[in-house]
Amino acid sequence: MRIVVLVSGTGSNLQAVIDEVASGSLPLEIAAVGADRPNTFGVERSADAGLDTFVVNFKDYTDRSDWDAALLEKVGSYKPDYVVSSGFMRIVAPSFINAFEGRYVNTHPALLPAFPGAHGVRDAMAYGVKVTGCTVHFADAGVDTGPIIAQTPVVILPDDTEDSLHERIKVAERELLIKVLGDLARA
Ligand code: GAR
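Predicted model only: the values in this text are computed from it and were never measured.

Rules of the game
Along each chain, residue indices are assigned from 1 in the same order as the chain's sequence is written. Totals for whole chains, interfaces and linings use every residue, but because this is a predicted model, local features are given only for residues with pLDDT of at least 70 and side-chain atom pairs only at 80 or more, for both listing and counting. Processing note: side-chain calculations cover all non-hydrogen atoms of the structure and skip hydrogens and water entirely. Categorising residues by exposure relies on relative accessible area from a 1.4 Å probe, with only protein chains included: less than 20% of the type maximum marks a residue as buried, more than 50% marks it as exposed, and the intermediate range marks it as partly exposed. Counting from the N terminus, the helices are DSSP H or I runs at least four residues long and the strands are E runs at least two residues long. Note that the arc is computed from the directions linking the helix axis to the C-beta atoms. Two residues qualify as a contact provided that any one of their heavy atoms is within 4.5 Å of a heavy atom in the partner residue. Whether a crossover is right-handed depends on one test, that the path from the first strand over the helix to the second runs clockwise when the strands point away from the viewer. At least two DSSP bridges between two strands are required for those strands to pair. Summary of the distance rule: residues count as near a molecule or strand when at least one heavy atom falls within 4 Å of that molecule or strand. Two N or O atoms form a polar contact when they lie within 3.5 Å of each other; inside protein one atom must be a possible hydrogen donor and the other a possible acceptor, and for residues adjacent in sequence the pair counts only when both atoms belong to side chains. Note that Gly is not counted as nonpolar here; it falls among the polar residues with everything else outside the nonpolar set of Ala, Val, Leu, Ile, Met, Phe, Trp, Tyr, Cys and Pro and the charged set of Asp, Glu, Lys and Arg.

1. Quick word on helix α2 (residues 41-48)
And then number 1: All of the buried residues in α2 are G42, V43, R45 and S46. Buried residues in α2, looked at end-on, bunch into an arc of 160°, giving them a common side.
And then number 2: As for α2, its buried residues are in contact with β1 (2-7), α1 (12-22), β2 (29-35) and β3 (53-55).
And then number 3: Backbone geometry just downstream of α2 places G50 in the positive-phi region, at approximately 75°.

Dropping the structure here:
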């Protein structure tokens, strides 16, 4: 199974996948890692691991549809079985979803359909829920929508900050993502 991983930020989930593949316990090939912006830690982690790394910089395109086309072309060129959005903070175009229908996997730091969007951890805390968690799902054209594959609950502690909670969610998220990818690879 070949995957392309898309990142926007620090790429800690990406690092977990890289480590797991390197250890031999996750039977897949990371064909490439792509980002929508340059100079992120995620891109650095990928390059350090010797992986094919590309940036389709959103800011380089005045026309959004040109960026959509460039991303689709670049990702498609690696002929991945699955594309993994691991902290990729862009909504992709319907053309991208169509090209990778049922093969575009997203991770989100909340129990979807609750608290979608860029601030899933903050929004859960602000609402005052006592349990949140993480979701791995097949993404469709919406914001963090599409069929859910797996979820893990995480209890919110009274003295949690957004950062402390997000860190605990990410621990669960890494484990969940690796399990889901392993299941897909072995299917
Ligand atoms: C992860 O918690 C991921 O679920 C979240 O961004 C973080 C990326 O962390 N994604 C979203 O909020 C998508 N709506 P990382 O760059 O350290 O892996």
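2. Here we look at the pairing of strand β5 (residues 104-108)
The side chains of a regular strand alternate, first on one face of the sheet and then on the other.
And then number 1: Taken across its 5 residues, β5 has 5 buried, putting it largely inside the fold.
And then number 2: Of the two faces of β5, the one carrying Y104, N106 and H108 and the one carrying V105 and T107 are both buried.
And then number 3: Chirality of the crossover, the property in question, places the unit of strand β4 (residues 82-85), helix α4 (residues 94-99) and β5 among those that are right-handed.
And then number 4: Both β5 and strand β6 (residues 131-138) contribute to a ladder of 4 bridges, which runs antiparallel. Paired with V105 across the strands is F138, a residue of β6.

3. Comments concerning the site of the ligand
And then number 1: The ligand sits among 14 residues. The nearest are T10, G11, S12, K170 and E173.
And then number 2: The separation between an oxygen atom of the ligand and a polar main-chain atom of P109 is 3.4 Å.
And then number 3: Here K170 contributes a side-chain N or O atom positioned 2.7 Å from an oxygen atom of the ligand.
And then number 4: Mapped by element, the contributors of at least two residues to the shell around the ligand are α1, β5 and α6 (162-186).
And then number 5: With 3 residues, the single largest contributor to the shell around the ligand is α6.
And then number 6: Split by residue class, the shell around the ligand holds 2 nonpolar, 9 polar and 3 charged.

4. Things to note about the side chain of T135
And then number 1: Here T135 shows up in strand β6.
And then number 2: With relative accessibility at 0%, the residue T135 sits in the buried group.
And then number 3: A polar contact is formed between the side chain of T135 and the backbone oxygen of A110, at a distance of 2.6 Å.
And then number 4: Residues within four places of T135 in sequence aside, it is in contact with N106, T107, H108, A110, L111, L112, I148, A150, Q151 and L176.

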